[in-house]
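Breakdown of the fold
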Amino acid sequence: YRSAAGARTFAQVSGSSGASDGVDNDAGGMSAEPGELNLPSGGATHLVSDPGNSNRLYAAIPSQGVYRSDDGGESWQQVNGSGAANINAALPGVRVELSVHDSGADNVVYAAVLQNNVPPATNFTQRVVGLFRSLDQGDTWRAVQNLPQIPQNGQAAWHFSLAAHPTDPDVLFIRGDVGDGYR
């Protein structure tokens, strides 16, 4: 949902095409615009704003990857990359976490893809199966190499955090449930 009214009212921004629901879903003045709702149905595991561009948002959708809006959430496009520079090899992940570093106009975006039952597995095991970095707002991605087993105890479903360094675009902090954090 998106509010353009100080959180007094909300409009749906995910689900069906929106072309025939009779609702002005994107607050654009029309109620029958094709493609108004172009975020997939279902939950998002993470929603972050770009600190360098207040109109740019990123949504993480389980099993589908990363979506970007450049107009404050009115419209969305999938930005998993293409060719060899994509995050699709790590999908379907049950959870995707995001962090954006503020380095001016072209901010660095990080995406961690988490999956269930990654060995050594327990009933609640969830681990990072891919960590990616984008220098172009998600149009292309590069896999981060030499990633340790995160989190060590496998409880990323409850205990996982990802944060880009506030001043250095090459530094990312990752923390799981037990053990040391990583930089």
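Structural data are supplied above this passage.
Source: prediction; values computed, not measured.

Ordered by their spatial adjacency, four strands build an open sheet running β1-β2-β3-β4, and the pairing between neighbours is antiparallel. Since the sheet does not close on itself, it has two edges, and those belong to β1 (46-50) and β4 (77-78), each with one partner. Bridging between strand β3 (residues 65-69) and β4 involves two bridges; their strand directions are antiparallel. Paired with Y67 across the two strands is Q78, which belongs to β4.

This brings us to the pattern of salt bridges. Within the structure shown, the criterion is met by five salt bridges. A salt bridge links D50 to R56; its shortest N-O distance comes to 3.2 Å. Residue D50 shares its accessibility class with R56, and that shared class is buried. We note a salt bridge from R68 to D139, for which the minimum N-O separation is 3.3 Å. Highlighted residues: R68 in strand β3 and D139 in the loop between β9 (126-134) and β10 (142-143), separated in sequence by 71 residues. Under the relative-accessibility criterion, R68 is labelled buried at 7%. D139 sits in the partly exposed class, given a relative accessible area of 38%.

About the criteria used
- Residues numbered from 1 in each chain as written.
- Predicted model: local features only at pLDDT ≥ 70, side-chain atom pairs only at ≥ 80, totals over all residues.
- Heavy atoms only, no water.
- Pairing = 2+ DSSP bridges.
- Helix = DSSP H or I, 4+ residues; strand = E, 2+ residues; numbered from the N terminus.
- Salt bridge = Lys/Arg side-chain N within 4 Å of Asp/Glu carboxyl O.
- Buried < 20%, exposed > 50% of the residue type's maximum accessible area, 1.4 Å probe, protein only.

Don't take any of this as a statement about function, it's just geometry.
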